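What follows is the residue order along each chain.
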Amino acid sequence: MSGLQNPFRPTFGRTPPELIDRNDTLEEFEYGLRIRSGVLGLLSIITGARGVGKTVMLNEAQGLAQEQGWAVISETSTAGFLARIADSALLIDEELGDGPPPRKILAFSAAGFGVTTQLPRERQVEFRNLGAKLLHRLDENGTGLLITLDEIQDADRSELLQLAAVIQHWVRDGLPISFVCAGLPAAISDILNEGVATFLRRADKIDLHSVEVRDVRDSYARQFSAAGIRFPDGFLEEAAEASFGYPFLIQLIGYFLWKEAERGGGAVDRESADKAVAAALKRNIRMVVGPAISKASDRDMDYLRAMSRDNGPSSTAAVAQRMKASLQLAANYRARLIEAGLIEPAGRGEVRYSIPGLREHLRNGERLG
Ligand SMILES: Nc1ncnc2c1ncn2[C@@H]1O[C@H](COP(=O)(O)OP(=O)(O)OP(=O)(O)O)[C@@H](O)[C@H]1O
Ligand SMILES: [Mg+2]
């Protein structure tokens, strides 16, 4: 095999070697960047289960914006994000200096500054005005400003409200601002039902799902054959199926297969290949499934366990019966679990797990691998 390094990235927030199946979404955003204001894609909310690729999409958006010369501020929703965003805007403005703004890449990630205060009233106005000034300068230059905010399910609601109000103001003035945020589905439903709404409700909602298994197989085939790695006939098909198209598992399986190939000098036999997949599935339990259910209440867990008897989607009526709950009560657990990104609707009156491995984990008595 070639001396290529293992390209797979089974790490949250790390861009994968091949970003499967996300082109259309990114294309819409990139198109928006060219028009720069008042169009689709510039204001977007990305949601989806854990490990489905939300943070990676934010990274991609940042990359595309930078390529087009946009300034970028990327933040995560820990306390004080609004103040950090305001500080970053100030830094960018300073960086541009007095002369005509240079057309160059400006990226600031203020994460780690450790500001824990909210923005006082006068600084909010200052931020709005300063931001508008910055946006006018960027506008003259044919670019704009992208702000990304990750993990919005954890965002302090009043900070988010303030940020939304400021951005809304800039949008109304036709300034070149793009705001793309990401979080668990819970974020959407609460936030959109609160005051932040009118503005964010108009944002594009991008609900990320697992990708097509066929595309996973093709991606594996491309990457492994480029490195001269060979598997038994039909194996990559099975490996792709084992991933369920779930992005984190795609990376885990690819990673362990690659490691196995390195050990075997490029050819992987049936036994080692199966072992690699098993190792990946086990790691998925520890890294994704365990943490995902750690916050579920006892009753939520009862609901999840009641589902585990089925091999495919579960009927919500059957689940209610199994857990001896009224339909009404079961519907509440169902809604909570959907918001937490643990299960999702699967057609009329049915639900299924959103995270692969969850069923097997529950069936195995919930031992962490
Ligand atoms: N389209 C894709 N194709 C292949 N792999 C992907 C894709 N999107 C993401 N990944 C991989 O999936 C893993 C999870 O991605 P990411 O961290 O973006 O998920 P997330 O939705 O932000 O998760 P969390 O909710 O825990 O923050 C990473 O290892 C990443 O490399
Ligand atoms: Mg993430």
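Conventions adopted
- Residues numbered from 1 in each chain as written.
- Chains lettered and ligands numbered in written order.
- Predicted model: local features only at pLDDT ≥ 70, side-chain atom pairs only at ≥ 80, totals over all residues.
- Heavy atoms only, no water.
- Domains from an automatic or database assignment.
- Contact = heavy atoms within 4.5 Å.
- Buried area = accessible area lost by both parts, 1.4 Å probe.
- Salt bridge = Lys/Arg side-chain N within 4 Å of Asp/Glu carboxyl O.
- Helix = DSSP H or I, 4+ residues; strand = E, 2+ residues; numbered from the N terminus.
- Nonpolar A, V, L, I, M, F, W, Y, C, P; charged D, E, K, R; others polar.
- Patch = residues over 30% accessible without salt bridge, like charges linked within 9 Å, V, L, I, M, F, W, Y side chains within 5 Å.
- Areas by Shrake-Rupley, 256 points an atom, 1.4 Å probe, with all protein chains shown as cover.
- Buried < 20%, exposed > 50% of the residue type's maximum accessible area, 1.4 Å probe, protein only.
- Near = heavy atom within 4 Å.
- Polar contact = N/O pair within 3.5 Å; in protein donor to acceptor, adjacent residues only side chain to side chain.
- Core = buried A, V, L, I, M, F, W, Y, C linked by side-chain atoms within 4.5 Å.
- Pairing = 2+ DSSP bridges.
- Right-handed = clockwise from strand over helix to strand, strands pointing away.
- Phe/Tyr/Trp six-rings, centres within 6.5 Å; stacked < 30°, edge-to-face > 60°.

A. Structural detail: the domain arrangement of the protein chain. One can read the domain layout of the protein chain as domain 1 (23–207), domain 2 (213–290) and domain 3 (295–363). A C-alpha centroid distance of 29 Å is found between domain 2 and domain 3. The interface of domain 2 with domain 3 comprises eight residues on the first partner and five residues on the second. Contact between domain 2 and domain 3 buries roughly 520 Å² in total, counting both sides, with carbon and sulfur atoms accounting for 82%. Seen at the junction of domain 2 and domain 3, the total is zero salt bridges. Counting residues per element, the side of domain 2 that touches domain 3 draws most heavily on helix H11 (residues 270–293), which supplies four residues. Partitioned by chemical class, the residues of the side of domain 2 that touches domain 3 number six nonpolar, two polar and no charged.

B. Expanded view of a nonpolar patch on the surface. Taken together, the side chains of Tyr31, Ile35 and Val39 define a hydrophobic patch exposed on the protein surface, amounting to about 250 Å² of accessible area. Here isoleucine 35 shows up in helix H1 (residues 23–35). A relative accessible area of 39% places isoleucine 35 in the partly exposed class.

C. Representation of the site of ligand 1 in the model. Near ligand 1 lie 23 residues; those nearest to it are Arg9, Gly13, Arg14, Lys54 and Val56. Within the backbone of threonine 11, one N or O atom sits 3.2 Å away from an oxygen atom of ligand 1. In the environment of ligand 1, a nitrogen atom lies 2.9 Å from a nitrogen or oxygen atom belonging to the side chain of glutamine 251. Among the secondary structure elements, those contributing two or more residues to the shell around ligand 1 are helix H2 (54–67) and helix H10 (247–263). In terms of domain composition, the shell around ligand 1 takes at least three residues from each of domain 1 (23–207) and domain 2 (213–290).

D. Spotlight on the nonpolar core. Membership of the largest hydrophobic core comes to 55 residues, with the highest contact counts inside it found for Leu257, Tyr303 and Leu304. Split by domain, the residues of this core number at least three in each of domain 2 (213–290) and domain 3 (295–363). Each residue touching leucine 304, except ones within four places of it in the same chain, is listed here: Ile293, Leu337, Leu342, Ile343, Tyr353, Leu358 and Leu362. Judged by nonpolar contacts, the second largest core, of 38 residues, contains Leu135, Leu160, Ala164 and Phe199.

E. A look at the sheet that holds strand E7 (residues 314–315). Read from one edge to the other, the open sheet built from three strands follows the order E7-E9-E8, with strand pairing classed as antiparallel. Edge strands, defined here as strands with exactly one partner in the open sheet, are E7 and strand E8 (343–345). Bridge analysis of E8 against strand E9 (residues 350–353) gives three bridges, and the strand direction is antiparallel. By the bridge assignment, isoleucine 343 is partnered in E9 with tyrosine 353.

F. How the structure looks around the pairing of strand E4 (residues 145–150). Extensive coverage of E4 is indicated by the burial of six of its six residues. Side chains Leu145, Ile147 and Leu149 project from E4 onto one buried face, and the interleaved Leu146, Thr148 and Asp150 project onto a second face that is buried too. Across six bridges, the pairing between strand E2 (residues 71–76) and E4 is parallel. Note that in E4 the partner of threonine 76 across the bridge is aspartate 150. On the question of chirality, the crossover connecting E4 to the parallel strand E5 (residues 177–183) by way of helix H5 (residues 157–172) is right-handed.

G. Spotlight on the packing of aromatic side chains. Under the defined criterion, the tally for this structure stands at 10 aromatic pairs. Note on phenylalanine 8 and tyrosine 220: the rings are 5.9 Å apart at their centroids and 75° apart in plane angle, and the pair reads as edge-to-face. Of this pair, phenylalanine 8 sits in the segment before H1 while tyrosine 220 sits in helix H8 (residues 213–226), and the two are 212 residues apart along the sequence. With respect to burial, phenylalanine 8 and tyrosine 220 carry one shared label: buried. When the centroid spacing of 6.3 Å and the interplanar angle of 65° are considered together, the rings of phenylalanine 8 and tryptophan 258 count as edge-to-face.

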